[in-house]
Amino acid sequence: MKKNAISFHQLMFILFFLISSQFLPWSVIAQKKKKRSAPPKIEREIILTNGDSTSKYRIVLPVYPSEYESKAASILQEYLIQISGAVLPIIGADKARSQYEIVLGQNDRIDELALNISFNELHADGFLIQTDSMRLIIAGGSGKGTIYGVYTFLEKYLGCRLYTPTVKVIPRQSQIQLDEISDKEVPQIRFRSVHYKSTWDAEYVDWHKLSHDQNGERTDWGMWVHTFNTLVPPELFFENHPEYFAMVNGKRLPTQLCLTNPDVLKITIQNLRKRIAQNPDALYWSVSQNDNRRYCTCDRCKAIDEREESPSGSIIQFVNQVADQFPDKVISTLAYEYGRRAPKTLKPRSNVNIMLCSIEAYRHLPITEDTASVDFVRDVEDWGKISNDIIVWDYVIQFTNLLSPFPNLHVLQPNIKFFVKNGVTAMFEQGNREVGGELAELRSYMISKLLWDPNLGVDTLMNDFLNGYYGNAGLHIRKYIDTMRDAQQVAGLPLRIFGNPNEEAESFLAPELIDSYTKIFDEAEKSVADSAELLERVRIARLPINFAIMEQAKKQYTGERGVFHNVNGKWEARPAFRSMIESFTDLCIRQGVSRVKEWCTSPEEYRASTFRILSLGMNEHLAYGKKVTIVSPDSTKLNPGSATMLTDGKRGGHEYDYNWFNCSGQNLEVIIDLGLVRPVRHIESAYYHFAYWRTIAPTKVDYFVSTDGVNFNLVGETTLLLPIDQYGGFQRDVISEFETQQARYVKVLAYSIGNTPDWHPGAGQPAVMSIDEIVVE
């Protein structure tokens, strides 16, 4: 018998199988075939670290890693130690291969074709996190992409969190086990900057993928904004060449540049070239308007602006000419205030960046839903049609009162999504340049996350932060946020970045609502009473409500919610108010809060200003409630009843929007009728000075008395030496003591500086004089 011949028994078995199979249901045969053909299950689950603090895995870097790739490897190694106790060695791709690898960076061990990726698609900041058989791959773009990928892996897949630079969560896992991962992220917003001081931390910057450094600086930018005065300094050129500067109402002023003057163009290019030579690595260079509205209206500038139907016409024409001289740099300019509207026909050069600012927009509704923002929405859309490089400068806090409640969290995401939809590729979110601010930690966290991915679930994001940062109090603080937001939406009143707590007394800061917020925070404090650290965080979150209570009390001044109440016929400071200012200031100082207003008023200055009110008291002096006649300014142009502010007994504090009588650009001359002739020996008045807002104290104050209202005798004169620091804010009391005089009429004459001086950014505009109580004793 031949070796390969089929035996009779084998042949009979085959015939039996073929015949019998005709009578079996097909489904049974299919099932049998399926069972037979199913491959054995292969486990692809990755066990990065074992339960005994050991690991088979190595971290593999490219043979020639970049600085950022090496840093990413160290970060991953360190956190895996903290999480599991296992130390994974870092090796180069030129070492022996293993199936147990974490492959980092743009690595030769990554088969781009097999994984259907391209490193080029990741650009600078994008990354890929992917499991490949038993390997884990974290590959990043040419910039910090691999670092961002590592931090995302730690957060998204291992549960780590960095809520603030000092509050970090690292869950302990003796065994790190991974399911299949395929995660590719490339940001739509390429430049992401959050202007909160709490974000100025090296790890926070990298963890949350921000574009500034640990000092808040933007290293890609050689010059940032408002640079006209830097490029063509008025102190060097204005005296001899006023024609270089803006023509405003027929007069040359050093407020802006004359953008059609050829010498201005030459000087700008020359000085910019010098600065670029000093910092050649910087890509972006700002050639942009100063921070005021006093632009040039000379015949040549005006002709361009009229043709383009916007003052941006002369700006873009000028900036384009500058950009032509620096083809390898990006020249940035502002579309801000008077220059916000896009030009009709001119288009920015390809290397011109447009910085579009939302300073006028309200914050109670998303920009696209607010009828008051229709023009701004149009401007964003119009610039998006003619420019491929737009950065939006957005504002997310109340600047006049940095600690004031400001319920705008619900508009952050829709606004960012609107900007992205219209071609915005860069965002600068201006929060608080100082330490602190209302819910600063939460705002910083949410904005950072949304700039990277505008489509994140906001509720999940907020709840994760609140519960992680405030512990058991997180639910209470979420209730506070939601209650305030709902109240604000029901009221439907505009939310201004230059508002104050008294504006909102008919809205989300109504007395009954403040009582509700107070109860919520009482419960929040109780829920974390056993943790000094969490309790401190909750009390910091409560600061804005206490600030609102104090500011509303200052305006109301007397009564149940005022500063003073009447006890047995005598005005006394309410103990609760006095106690609140002390604890408020102490907590601000402990937290490191440096300002309660943008540019001015430290916590100590705020306390001093408030103590000034307490010390002066509710004084029913001789002029209290008496008739006031305003000689200057024109009383017909003032709000009805405003003169009563001068003798209502209420003293002004750090906020110039209430309890201060304001007149613009003119001397103040008022006469008070005491009702009958009385002995007078003391006259005083107070003035608010904050030059940045054009609120400038008088140069001189004179006091007069009279018995008949016609013939007045000078009894006191004071000359004031004004500081030229535009960022300092203070109250100045002007007091005159003299020998007793008989008088029925008292006249106060305060001399205004007139228009703001040339050194002021708003040069030539009427200066505002603010005065509060005129006290006569």
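This text gives an overview of the structure that appears in the document. All values derive from a computational prediction rather than experimental measurement.

### Brief notes about the side chain of Thr-146
Here is step 1 of the chain: Position of Thr-146 among the secondary structure elements: in helix H4 (residues 145-158).
Here is step 2 of the chain: Of the polar contacts made by the side chain of Thr-146, one reaches the backbone nitrogen of Gly-140; its length is 3.1 Å.
Here is step 3 of the chain: Discounting chain neighbours no more than four positions away, the residues touching Thr-146 are Glu-69, Ala-72, Leu-104, Gly-105, Ile-138, Ala-139, Gly-140 and Gly-141.

### A few points about unusual backbone geometry
Here is step 1 of the chain: Cis geometry marks the peptide bond from Ser-632 to Pro-633; its omega dihedral reads 5 degrees.
Here is step 2 of the chain: Tracing the sequence through the fold places Pro-633 in the loop between strand E22 (627-632) and strand E23 (661-664).
Here is step 3 of the chain: Within the chain, His-123 stands out as a residue other than glycine whose phi angle is a positive 55 degrees.
Here is step 4 of the chain: Here His-123 shows up in the loop between strand E4 (101-104) and strand E5 (127-132).
Here is step 5 of the chain: Residue classification places His-123 among the exposed residues on the basis of a relative accessible area of 53%.
Here is step 6 of the chain: In the Ramachandran plot, Thr-601 falls in the positive-phi region, its phi being about 70 degrees despite a non-glycine side chain.

### Digging into the nonpolar core
Here is step 1 of the chain: Counting 152 residues, the largest nonpolar core has Ile-102, Phe-153, Leu-154, Leu-272 and Tyr-470 as the members making the most contacts within it.
Here is step 2 of the chain: Looking at this core, the element that brings in the most residues is helix H13 (residues 440-452), giving 8 residues.
Here is step 3 of the chain: Here Leu-272 is in contact with Met-223, Leu-231, Trp-285, Val-287, Val-322, Phe-326 and Ile-331, once residues within four sequence places are set aside.
Here is step 4 of the chain: By size, the runner-up hydrophobic cluster in this structure holds 32 residues, among which are Leu-638, Ile-672, Leu-674 and Tyr-687.

### Observations concerning the sheet that holds strand E6 (residues 135-140)
Here is step 1 of the chain: Overall, mixed pairing links the 6 strands, which are arranged E3-E2-E4-E6-E5-E10 in an open sheet. Looking at the sheet topology across the chains shown, the edges are occupied by strand E3 (90-92) and strand E10 (182-185). Going across the sheet, the axis of each strand differs from the next one's by a mean of 20 degrees, ignoring polarity.
Here is step 2 of the chain: Bridge count between E5 and E6: 6 bridges; the pairing is antiparallel. Counted as the bridge partner of Gln-130 is Ile-137 from E6.

### A word on helix H14 (residues 458-470)
Here is step 1 of the chain: Taking 1.5 Å as the rise per residue, H14 with 13 residues should run 18 Å; its terminal C-alpha atoms sit 18 Å apart, in good agreement.
Here is step 2 of the chain: Among the residues of H14, Val-458, Leu-461, Met-462, Phe-465, Leu-466, Tyr-469 and Tyr-470 are the ones counted as buried. Each buried residue of H14 sits inside an arc of 120 degrees when the element is viewed along its axis, so together they form one side.
Here is step 3 of the chain: Close packing links the buried residues of H14 with strand E7 (161-164), strand E8 (167-169), helix H12 (409-421), H13, helix H15 (474-491) and helix H17 (532-556).

### Details of the pattern of salt bridges
Here is step 1 of the chain: In total, this model carries 47 salt bridges according to the counting rule given.
Here is step 2 of the chain: Among the salt bridges present, the one from Arg-443 reaches Glu-438, with a minimum N-O distance of 2.4 Å. The same class applies to Arg-443 and to Glu-438, which are both buried.
Here is step 3 of the chain: Ionic pairing is found between Glu-717 and Lys-700, a salt bridge with its closest N-O pair at 3.3 Å. Highlighted residues: Glu-717 in strand E26 (residues 713-719) and Lys-700 in strand E25 (residues 700-706), separated in sequence by 17 residues.
Here is step 4 of the chain: Using a relative accessible area of 24% as the deciding quantity, one classes Lys-700 as partly exposed.
Here is step 5 of the chain: Here the salt bridges share partners, and the residues they tie into one network are Arg-340, Glu-360, Asp-375, Arg-378 and Asp-379.

### So, the pairing of strand E14 (residues 251-257)
Here is step 1 of the chain: For E14, a buried count of 5 out of 7 residues is recorded, marking the element as mostly surrounded by other parts of the structure.
Here is step 2 of the chain: Here 4 bridges tie strand E13 (residues 245-248) to E14, and the two strands are oriented antiparallel to one another. Note that in E14 the partner of Val-248 across the bridge is Lys-251.
Here is step 3 of the chain: Where E13 folds back onto E14 in an antiparallel hairpin, the turn is made up of 2 residues, including Asn-249, whose phi is positive at roughly 50 degrees.

### A word on the state of the cysteines
Note on terminology: a disulfide is the covalent bond linking the sulfur atoms of two cysteines.
Here is step 1 of the chain: Within the structure shown, the criterion is met by 0 disulfides.
Here is step 2 of the chain: Looking at Cys-258, it has no disulfide partner, and the nearest cysteine sulfur is the one in Cys-298, 3.7 Å off.
Here is step 3 of the chain: The class for Cys-258 is buried, based on a relative accessible area of 0%.
Here is step 4 of the chain: Cys-298 supplies the cysteine sulfur nearest to Cys-296, a cysteine that is in no disulfide, at a spacing of 3.6 Å.
Here is step 5 of the chain: Take Cys-296: its relative accessible area is 5%, and that puts it in the buried class.

### As for the environment of Gly-51
Here is step 1 of the chain: Here Gly-51 is to be found in the loop between strand E1 (46-49) and strand E2 (58-61).
Here is step 2 of the chain: Its relative accessible area of 52% is what places Gly-51 among the exposed residues.
Here is step 3 of the chain: Placed 123 residues apart in sequence, Gly-51 and Ser-174 show a C-alpha to C-alpha distance of 4.7 Å.
Here is step 4 of the chain: Once residues lying within four places of it in the same chain are set aside, the contact partners of Gly-51 are Ser-174 and Gln-175.

### Details of the environment of Val-169
Here is step 1 of the chain: Relative to the helices and strands, Val-169 resides in strand E8.
Here is step 2 of the chain: Sequence separation of Val-169 and Tyr-469 is 300 residues, and the distance between their C-alpha atoms is 9.4 Å.
Here is step 3 of the chain: Ignoring sequence-local partners within four residues, the contact set of Val-169 consists of Gly-159, Cys-160, Arg-161 and Tyr-163.

Definitions and limits used
- Residues numbered from 1 in each chain as written.
- Predicted model: local features only at pLDDT ≥ 70, side-chain atom pairs only at ≥ 80, totals over all residues.
- Heavy atoms only, no water.
- Helix = DSSP H or I, 4+ residues; strand = E, 2+ residues; numbered from the N terminus.
- Polar contact = N/O pair within 3.5 Å; in protein donor to acceptor, adjacent residues only side chain to side chain.
- Contact = heavy atoms within 4.5 Å.
- Buried < 20%, exposed > 50% of the residue type's maximum accessible area, 1.4 Å probe, protein only.
- Core = buried A, V, L, I, M, F, W, Y, C linked by side-chain atoms within 4.5 Å.
- Pairing = 2+ DSSP bridges.
- Axes fitted to C-alpha atoms, helices over the stretch in contact; angles between N-to-C directions.
- Expected span 1.5 Å × (residues − 1).
- Arc of directions from axis to C-beta.
- Salt bridge = Lys/Arg side-chain N within 4 Å of Asp/Glu carboxyl O.
- Disulfide = S-S within 2.5 Å.

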